Amino acid sequence: MKRTGLLKILHDTAFPVNRIVIHPNTGFDLGFMQLKYVSNLYINTGIEEFKNGTAEPFCSVDIMLLNECGPNNVEMAQKLWDQLGRPEKAILVYNEDGNRLFLAVK
């Protein structure tokens, strides 16, 4: 599994709930090299449940790598941010074997 460093969360009411935007350098940390990826998103669960595959996915998510998103930031929908409990920071963990993305909040 690959992970990012601690990312500041930016939220927007115009974003669809199934889209996350990160900087290309952050995407590189996860092994992403293209503009867009589709993955299953996991939130509000423990890392152990995510690792062993017993957690249920929240939704299918489009992960966009855009330079407009500053380094060390992650952009998401206001609705998703609300469901996470309105945290300030998060870490993304990607399991490439199962194409699963875990959003761990701090």
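Scroll up to find the structure this text is about.
The structure displayed is predicted, hence computed values, not measured ones.

Draft legend 1. Spatial organisation of the overall build of the protein chain. The helix and strand inventory of the protein chain stands at three helices and eight strands. Helices and strands in the protein chain line up, N terminus first, as β-β-β-α-β-α-β-β-α-β-β. Taking 106 residues into account, the globule formula puts the C-alpha radius of gyration at 13 Å, and the protein chain, at 12 Å, falls close to it. Out of the 106 residues belonging to the protein chain, those deemed buried represent 43%. Pairs at least 24 residues apart make up 74% of the contacts formed inside the protein chain by residues separated by at least 6 positions. For the protein chain, the exposed surface amounts to about 5,700 Å²; the carbon and sulfur share of it is 47%. Here the protein chain carries 11 positive and 12 negative side-chain charges, and the mean point of each set is 3 Å from the other.

Draft legend 2. Just the pairing of strand E3 (residues 19-22), in detail. Where E3 meets strand E5 (residues 59-65), four bridges bridge the pair, whose relative direction is parallel. The residue bridging isoleucine 20 from the neighbouring strand is isoleucine 63, located in E5. As defined by bridge partners, E3 adjoins strand E6 (residues 73-77) across two bridges and the pair is classed as antiparallel. From the neighbouring strand, valine 21 faces E6, where its bridge partner is glutamate 75.

Draft legend 3. How the structure looks around the nonpolar core. Counting 28 residues, the largest nonpolar core has Leu41 and Leu103 as its most contacted members. For this core, the secondary-structure elements that each account for two or more residues are strand E2 (7-12), E3, strand E4 (36-42), E5, E6, helix H3 (78-83), strand E7 (89-95) and strand E8 (100-105). Here this core takes five residues from E5, the largest share from any one element. Residues contacting leucine 103, with those up to four places away along its chain left out, are Ile20, Leu41, Tyr42, Ile43, Met76, Leu84, Ala90, Ile91 and Leu92. Counting residues in each nonpolar core, the second largest holds seven residues, with Tyr42, Phe50, Val93 and Phe102 among its members.

Draft legend 4. Here's a closer look at the side chain of asparagine 73. Position of asparagine 73 among the secondary structure elements: in strand E6. Among the residues examined, asparagine 73 registers a relative accessible area of 14% and is labelled buried. Not counting residues within four places of it along the chain, the set of residues in contact with asparagine 73 comprises Leu7, Lys8, Leu10, Val21, Ile22 and His23.

Draft legend 5. Quick peek at the packing of aromatic side chains. Applying the stated criterion across every chain, the model contains four aromatic pairs. Site record: aromatic cluster; members linked through ring pairs are Phe32, Tyr37 and Tyr94. A cation over a ring is seen here: arginine 100 above tyrosine 42, with NZ or CZ 5.6 Å from the ring centre. Positioned over the ring face of phenylalanine 50 is arginine 100, at 4.5 Å from the centre of the ring.

Draft legend 6. Structural detail: the environment of leucine 84. Here leucine 84 lies in the loop between H3 and E7. Given a relative accessible area of 8%, leucine 84 falls into the buried group. In this structure the C-alpha to C-alpha distance between leucine 84 and aspartate 29, which are 55 residues apart in sequence, comes to 23 Å. For leucine 84, the contacting residues outside a window of four places in its chain are Ile43, Asn44, Met76, Leu103 and Val105.

Analysis parameters
Residues numbered from 1 in each chain as written. Predicted model: local features only at pLDDT ≥ 70, side-chain atom pairs only at ≥ 80, totals over all residues. Heavy atoms only, no water. Helix = DSSP H or I, 4+ residues; strand = E, 2+ residues; numbered from the N terminus. Rg over C-alpha atoms; globule rule 2.2 N^0.38 Å. Buried < 20%, exposed > 50% of the residue type's maximum accessible area, 1.4 Å probe, protein only. Contact = heavy atoms within 4.5 Å. Areas by Shrake-Rupley, 256 points an atom, 1.4 Å probe, with all protein chains shown as cover. Lys, Arg positive; Asp, Glu negative; His and termini not counted. Charge placed at Lys NZ, Arg CZ, Asp CG, Glu CD. Pairing = 2+ DSSP bridges. Core = buried A, V, L, I, M, F, W, Y, C linked by side-chain atoms within 4.5 Å. Phe/Tyr/Trp six-rings, centres within 6.5 Å; stacked < 30°, edge-to-face > 60°. Lys NZ or Arg CZ within 6 Å of the ring centre and 35° of its normal.

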